[in-house]
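A closer look at the structure
Residue-level listing of the chains:
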Number of protein chains: 2
Amino acid sequence: MINPYNDTYFMKRALQEAEAAYEKGEIPIGAVITINNQIIARTHNLTETLNDVTAHAEMQAITSAANYLGGKYLINCTLYVTIEPCQMCAGALFWSQISKIVYGARDEQRGCISLNTKLHPKTVMTGGVMAEEASQLLKRFFIEKRNLN
Amino acid sequence: MINPYNDTYFMKRALQEAEAAYEKGEIPIGAVITINNQIIARTHNLTETLNDVTAHAEMQAITSAANYLGGKYLINCTLYVTIEPCQMCAGALFWSQISKIVYGARDEQRGCISLNTKLHPKTVMTGGVMAEEASQLLKRFFIEKRNLN
């Protein structure tokens, strides 16, 4: 039997969240957190709606998953996020001790890789899953925003 | 006339917040945010109470100050925090474009200075204000915690 639950499957769900952000005029980044192939948090960037720079998709996903689990550590959990996490989100993921991070597209300027943010030793990070789709959505957002102004 | 509103004055308020955290069994770190010598946010660490690794004093202070100001950027604001911010909080402060950060004691292991977290070019950071008091409170917390276990 084919296992439908691979990284692409969950990244598609994260991309749906990014599209929901796009529809609200938010920078389109989405995230889901899974445990044992079950989604326990799905969130998207809400910094404009909430007037809050801390309302990145990943931050909300961490809070939401911890709430679901009834504990603050995300052991055995995987975060899928459409764009590489920033310093703040990678710093939060450090504290969460999450097991795995899968991102879509790189953020060369403000992502945690270029800025050398320290991840928890228990955390594995991989990327490039549906990177083109994640990146295209972001580009489309900024082009439309520029044309509106 | 003597101006009572100096860094020590506001750091004392942040220390009162840290003491409130201590009383709740939280790692005792407190913060206030000011604008024009007026306190617009006062918060303390609530990671245990809220079961949420993102509930550091600084994160709550950023959200609270933005809420007060009705905008997400903390231009002309100063954060006073009893312990040097971690990567997550410094990353959030980057996004907030806060003008000034004043911390009490250093966190050599997990603070943003040792870990080289990027601050916003508009942000100035200084430290060492009531460092001994902030550091002693933290030490007392961990000694008592060790003795209880």
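Residues numbered from 1 in each chain as written. Chains lettered and ligands numbered in written order. Predicted model: local features only at pLDDT ≥ 70, side-chain atom pairs only at ≥ 80, totals over all residues. Heavy atoms only, no water.

With respect to the sheet that holds strand β3 (residues 77-83) of chain A
Residues and elements named next belong to chain A. How we decide: If DSSP finds at least two bridges between two strands, the strands pair. The numbering of helices and of strands both runs from the N terminus, where a helix is a DSSP run of H or I of at least 4 residues and a strand a run of E of at least 2. Axis definition: a line fit to C-alpha positions, over the contact stretch in the case of helices; interaxial angles, taken between N-to-C directions, run 0 to 180 degrees. Contact criterion: two residues are considered in contact whenever any of their non-hydrogen atoms come within 4.5 Å of each other.
If you trace the five strands from one edge of the open sheet to the other, you get β2-β1-β3-β4-β5, paired in mixed fashion. Each of the sheet's edge strands pairs with one partner strand only, and the pair in question is β2 (38-44) and β5 (124-126). Each adjacent strand pair in this sheet contributes to an overall mean axis angle of 15°, direction not counted. One ladder, built from five bridges, connects β3 with strand β4 (residues 100-105); its direction is parallel. Note that in β4 the partner of Y80 across the bridge is V102. Across the sheet, helix α4 (residues 131-148) lies against β3 and β4, angled at about 60° from β4, the strand it touches most.

Section: the UniProt feature "binding site: Zn(2+)" (unreviewed entry) in chain A
To keep things clear, this is the line we draw: UniProt positions are given in the numbering used here, feature names are shortened, and annotations may be inferred rather than shown by experiment. Here a cavity denotes a set of grid points, spaced 1 Å apart and computed over the protein atoms alone, in which a 1.4 Å probe fits but from which it cannot get out, and a pocket denotes an open set meeting protein on both sides within 12 Å along at least five of seven lines; residues with an atom within 4 Å of a point are reported as lining.
Here the UniProt feature "binding site: Zn(2+)" (unreviewed entry) sits at H56(A), C86(A) and C89(A). Spatial clustering of the annotated residues is evident: they stretch over 34 residues in sequence, but the largest pairwise C-alpha distance comes to 9.3 Å. The subset of the named residues that lines the second largest cavity consists of C86(A). Beyond its immediate stretch of four places on either side in the chain, H56(A) contacts N45(A), T47(A), C86(A), M88(A), C89(A) and W95(B). Along the chain, C86(A) turns up in the loop between β3 and α3 (87-96). Ignoring sequence-local partners within four residues, the contact set of C86(A) consists of H56(A), E58(A), R110(A), G111(A), C112(A) and W95(B).

Quick word on the interface of chain A and chain B
Counted only if it meets this: By convention, the term buried area covers the 1.4 Å-probe accessible surface removed from two parts as they join, with the contributions of both added. The salt bridge criterion pairs a side-chain nitrogen of Lys or Arg with a carboxyl oxygen of Asp or Glu, the two atoms within 4 Å. A 3.5 Å cut-off defines polar contacts: any pair of N or O atoms within that distance qualifies, except that in protein one atom must be a possible hydrogen donor and the other a possible acceptor, and neighbouring residues in sequence count only when both atoms are side-chain atoms.
In this complex, chain A contributes 27 residues to the contact, which on the side of chain B involves 27 residues. With both chains or domains summed, chain A and chain B bury close to 2,400 Å², and 63% of this area falls on carbon and sulfur atoms. For the chain A face of the interface with chain B, the top three residues by lost area are V53(A), K72(A) and W95(A), together amounting to 29%. Here K72(B) makes a salt bridge to E48(A), at a shortest N to O gap of 2.7 Å. Counting the contacts that link chain A with chain B gives 12 residue pairs in polar contact (both at pLDDT 80 or more). Of all elements in the fold, only α2 (57-69) and α3 of chain A reach the threshold of two or more residues within the side of chain A that touches chain B.

Topic: the side chain of T82(A)
Residues and elements named next belong to chain A. What counts, and what does not: Burial classes follow relative accessibility: with a 1.4 Å probe on protein chains only, a residue under 20% of its type's maximum area counts as buried, one over 50% as exposed, and anything between as partly exposed.
Mapped onto the secondary structure, T82 falls in strand β3. Its relative accessible area of 0% is what places T82 among the buried residues. Beyond its immediate chain neighbours, meaning those up to four positions away, T82 contacts M11, A14, L15, A18, P28, I29, G30, G104, A105 and A134.

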